[in-house]
Amino acid sequence: MNKEEFEPKILAFCCNWCAYAGADLAGVSRMQYPPNIRIIRIMCSGRVEPEFVLKAFTLGADGVLVLGCHPGDCHYLSGNYKTMRRVPLTKRLLEQFGVEQERLKLEWVSAAEGARFAQVVTDFTSKVKELGPNPLKGS
Amino acid sequence: MEGKEITLEIDSREVKAREGMTILEAAKSAGINIPTLCYHPALTPFGACRICSVEIVQRGRSRIVTSCVYPVEEGLVVKTKSDRVIRDRKMLIELMLAHAPKAEVIQELAHEYGVEKTRFKIEDEENLCILCGLCARICEERMGKSAINFVGRGVNRKVDTPFHIQTEDCMACGACAFVCPTGAIKLEDITRYKPLPIPLEFDQGLSSRSPIYIPYPQGVPNVPVIDRDKCVHFLTGECGICQEVCQARAINYEQEDEIVEIDAGAIILAPGFDEFDPSPLFNYGYRRYPNVVTSIEFERMLSASGPFQGELRRPFDRKPPQRIAWIQCIGSRDESLGCGYCSSVCCTYAIKEAIVAKEHVPSELEETIFFMDIRTHGKDFDKFYERGKEEGIEFIRAKVYGVEEVDGTGNLSLKYVGEDDRPSTDEFDLVVLSVGLRPSQEAIELGKRLGIQLNKYGFCHTSAFSPVETSKPGVFVCGAFQGPKDIPETVMQASGAAGSASTLLAPARNTLTIKKEYPPEKDVTGEEPRIGVFICHCGINIGGYVDVPEVTEYVKTLPNVAYAENNLYTCSQDTQEKIKAMIEEHKLNRVVVASCTPRTHEPLFRETLKEAGLNQYLFEMSNIRDQCSWVHMHEPEKATEKAKDLLRMAVAKARLIEPLKPLSTPVNHSALVIGGGVAGMVSALTLADQAFEVHLIEREGELGGVAKRIHYTLDSEDAQIFLADLIRKVKEHPKIRVYYNTWIVDAYGYVGNFTTEIMRYRGRVIEKIEHGVTIIATGAQEYKPKEYLYGRDPRVLTQLELEEEIARENPDIVGCDNLVMIQCVGSRNGERPYCSRVCCNQAIKNALKLKAIKPEMNIYILYRDMRTYGFYEEYYQEARQKGVIFLRYDPEDKPRLSQERKNGRYLIRVEGKDPVLGEEVAIDADIIALGVAMVPPEEARELAMLYKVPLNEDGFFLEAHVKLRPVDFATDGVFLCGLAHAPKSIKESIAQAKAAASRATTILAKETITAEGIVCSINEDICSGCGICEVLCPYGAIVVNKERKVAEVNEALCKGCGTCCAACPSGAAQQRGFTRDQIASMVETALVV
């Protein structure tokens, strides 16, 4: 497929207190970013089960973002630290399935960082475009 | 808009419009994008650029028209992207490229339309103007000026002022430059006045703003304000564009300030502070050199929402700096500037800024902090200082006396005198002035108006034992207006002020409240989901970019959707009535609203559900504005597709949501306070005065704690009189029961319903106390030193022992000739890396007392950093003036003590290296006083286990959040205060004790406590009792039942983060409202149509 035409499907898990609020601020500030992303709101990034990520890739997602509060800022004290450990493990699992690790990304976005949210989404979208379609697709 | 409805076809879609609209407006309202250059919604259409050309078909004939001026007609067929249109637009782009080759907006259009180069002759390579006329029109039509207009004809046509001279007609409002799509307008060429950008106050003037603006991104409420002094409408009556374009009609120019009278029983003053303005300090070059910034400006420069989007750049040339210097104590510790106090926070924030800056600059960053004493006396701040050193920040103890720019480079040369007394020079490319805190002029005036006593600097005066009370009864104070302080202390004091106010107002509690009644909740169990979907246009905020009717039609095809409609504003009051009616009419048992963010509007819609008799959790929200229409404004088709996806996901989840019944438990209205010291007693009294019953537990046979040994404070108030009065009040209070010689043996339960088992009189009596909240105020003790001959020579005392001897007027002590104080004994070392905060002030206090008794006594204070923060700095200066000698020592080269016999007297010789002189110093002392560490009691560990609350590495209790919840534990219903939290003064302990009581009141004042509805639960059938969840839960809400071998959730403690669910290997742990199936269904529907 021509990379210019390839429009990846990207899922983002955003914690309610920081990243989702950051996404809202990007909206209020009318910061434009690629429309490939679909956000799923969760209360804490610590809620993200590796299974959700695996399911997303099996169903054809081209990239998955997990966005939480900056370290030390977790609304639930330490949920993001759990995520910090869980995501690298999930990445290793992805590798075994033949999915590039870069398709899963963990980033911290605070409620005040609308610009950062837009930047993270923009950068990740172009990264996934570069990677091309999810290798599991069609297999 | 008025006028009769007209139906036309745009790009094969049926579009409804009103008579009088143009094709462009009709297309925009339908989310169809047509490129424009000379169009502006606030100006008369001009049809100059023609880039908005479209093809229309009328009576079988097709032609090209300009959509911004062509009115809609019934049955009109419009093509916005036909081959002919594209061909015409390409030609126009080529013409404009030839005329204005440098215009970025034209280059972008060219790229979009695949125009690589122009075939026409380029007249002027540098030209930017495309002759769209927006500038001239806005000046004439909206600003009422016409300072610029088109001049010349044909190829000579251009925008200019009359006679090409700067004109007085122009008021330098900048509207022309603002609307210019290419940046062709240079305000300096037009106006005779100096164009001044309006500085954005929040960015410290490092960026600019418009006259209507949102003050800062997280403001509450987050709405724009109009700066009347800068707004053209207020200045001349013209413009008015904002009122016209605001769809919600929220702008009202008639609004005036009004005087509102409020009946209040108490007033809390929290006016904050101003930072010191270093402009008058000529030698530091602030405002003379662009690369000299204040610490607050630097803070904005580091911020992702700041003027440089979080990329650290120098203001001078926007290059990333490589060498940064911080100069401390700018506007602090300087009586000549009217600020003889220490601002308390600057050392820590400078270290923070230096550490954060390293994260922002990719290359190696060299950082130096020039300081007098590093005062990181806050809880755990000394560890932060050590981390700063490890990360390579250089700390130079020196006085900087001059900053000068190095010609042309923007770099700055710093001249300073270090401890060696020799002047040195060093070059940096950015200098940050660590400015101090001072009371704002408004706060001083407010204080005067209220008739409260201010101190000599204009801060609010408070006495040593009433830290939140002003001199006027019923008026309380908190925050930096009471004295410079950091965020944790400010938040503590704020709660403390609220505690004092609520004690005063306790009799009036709940006298002005009204209880809301709801209809009984419908039982929907077993019913097939019938989902009602309400999709919001939000004016044009969503409707202008997302095809809302199309999305509505799409949603109707989704499974279980029983009803769908779209609304102009779904959040409006009439829509709430509509939702309720539709729930009734269509027997809806789930509701989905697609509009803005649940973070602001979910409570409103949940309330509507409750009013309709539905469980409030049968609701799901889809954010198609903030996360769709607003962020994909240029891609309406894709935004519409995304909105459909988001709704499909929300509907999928809605099919699976269940009613939730948050646990509601009655509250026991009594409190258990552990520790009968000052903190424990003050919090007990604060609660008892509000008529709550208090059980006060003390291990010893009497009340008072460590304060029994404190006789006077630095500001010369008698601590023993205060203590005796406090003990009497506690003992006499009918609502307080004191338990002496009492130990806690067991504790269980949860917020609102705790049970504590106590053991009295060495185990002879075991009692159970039931209570709703717990306050831990177990205090701390003086460290018993092993060093410096302590315990081996009776003339070596601790500071508290010295104080007791002074109070007793022991002639050997108050009459001695040479007294040496050694600071940081047992603090700030490997074993106890924290600062004990009170010892420097203790030393000064005792030194001043001794000097008052015997002025000729030689007193030497051997210190590492003198940490006389806040107003204590004055006493440090006083001690120096009275001849107390301060000698600094390095921790690597501590003072050495030896016993000596000299001239028939038995002396202690103190030897050490003075880093200032660089020489060995020896003092023959009669008495040695040690400033020893504060250490937490051993039993803290036991209590921590019993109440499931954490300790920090040093054994002090660890609060839920250092800044935001400084007296709470993560475990609900348990609070902390006093020395159990960290070393602090009596005054600070009292403020914190009131704060803990105030936080406890928020629970005790309730009849019942309703827990979070979104909590976790365990499916016991598949739980193996492995206990992974128990370890992960930050709230101690999950405990594995050893007998039944299953995990059990205490819903009263669970906060619903879902971390346990993500880790549960068997899937037994589930988060209500965010179950595995619900989230998985969203993942699935997002990807599979």
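So, here is what we can say about the structure in this document. What you are looking at is a predicted structure, and each value in this text was computed from that prediction instead of being measured.

**A short note on the pairing of strand S23 (residues 531–536) of chain B**
All names here are of chain B.
Move 1: The buried count for S23 comes to six of six residues, which makes it a mostly enclosed element.
Move 2: Going residue by residue along S23, you find Ile531, Val533 and Ile535 tucked away on one face and Gly532, Phe534 and Cys536 tucked away on the opposite face as well.
Move 3: Sheet topology places S23 next to strand S24 (residues 561–567); six bridges connect them, and they run parallel. Paired with Val533 across the two strands is Ala564, which belongs to S24.
Move 4: Bridge count between S23 and strand S25 (residues 590–595): five bridges; the pairing is parallel. Paired with Phe534 across the two strands is Val593, which belongs to S25.

**Considering the packing of aromatic side chains**
All names here are of chain B.
Move 1: Tallying each qualifying case throughout the model produces 24 aromatic pairs over all chains.
Move 2: Ring geometry for Tyr341 and Phe459: centres 5.1 Å apart, planes at 90°, overall edge-to-face. Placement of the pair is Tyr341 in the loop between strand S15 (323–330) and helix H10 (346–360) and Phe459 in the loop between helix H12 (441–450) and strand S22 (475–477), with a sequence separation of 118 residues.
Move 3: Given a relative accessible area of 1%, Tyr341 falls into the buried group.
Move 4: Members of the aromatic cluster, each reached through a chain of ring pairs, are Tyr341, Tyr457, Phe459 and Phe871.
Move 5: Arg157 extends its terminal NZ or CZ atom over the ring of Phe150, reaching a point 3.8 Å from the ring centre.
Move 6: In this arrangement the basic side chain of Arg323 is found over the ring face of Phe428, its NZ or CZ atom lying 4.7 Å from the centre.

**Points about the sheet that holds strand S5 (residues 77–79) of chain B**
All names here are of chain B.
Move 1: Strands sit in the order S2-S1-S5-S3-S4 across an open sheet of five strands; the sheet is mixed. Since the sheet does not close on itself, it has two edges, and those belong to strand S2 (13–18) and strand S4 (61–66), each with one partner. Each neighbouring strand pair of the sheet contributes to a mean axis angle of 35°, computed without reference to strand direction.
Move 2: Sheet topology note: the strand S3 (residues 53–58)/S5 ladder contains three bridges and is antiparallel. By the bridge assignment for S5, Ile56 is matched with Val78.
Move 3: Lying on the sheet, helix H2 (residues 83–99) is in contact with S3, S4 and S5; it crosses S3 at an angle near 150°.

Quick notes on the rules
Here the residue index of a chain counts from 1 through its sequence in written order. Chain A is the first chain written and ligand 1 is the first ligand written, with later ones labelled in order. It should be noted that, the model being predicted, local features are given only for residues of pLDDT at least 70 and side-chain atom pairs only at 80 or more, the latter also being counted only at that level, while totals for whole chains, interfaces and linings use all residues. Hydrogens and waters are ignored; side-chain quantities use all the structure's heavy atoms. Buried means the residue's accessible area, taken with a 1.4 Å probe over protein chains only, is under 20% of the maximum for its type, while exposed means over 50%, and partly exposed covers the values in between. Runs of H or I in DSSP of at least four residues are treated as helices and runs of E of at least two as strands, each being numbered from the N terminus. Between any two strands, pairing holds if DSSP finds at least two bridges. By convention, a stacked pair of Phe, Tyr or Trp rings (six-membered ring in the case of Trp) has centres within 6.5 Å and planes under 30 degrees apart, an edge-to-face pair has planes over 60 apart, and any other such pair is tilted. Think of it as a cone above the ring: NZ of Lys or CZ of Arg counts as a charge over the ring if it is within 6 Å of the ring centre and within 35 degrees of the ring normal. To obtain each axis, a line is fitted to C-alpha atoms, and for helices this fit is confined to the stretch in contact; angles are then taken between N-to-C directions over 0 to 180 degrees. Contact definition: two residues touch when any of their heavy atoms are within 4.5 Å.

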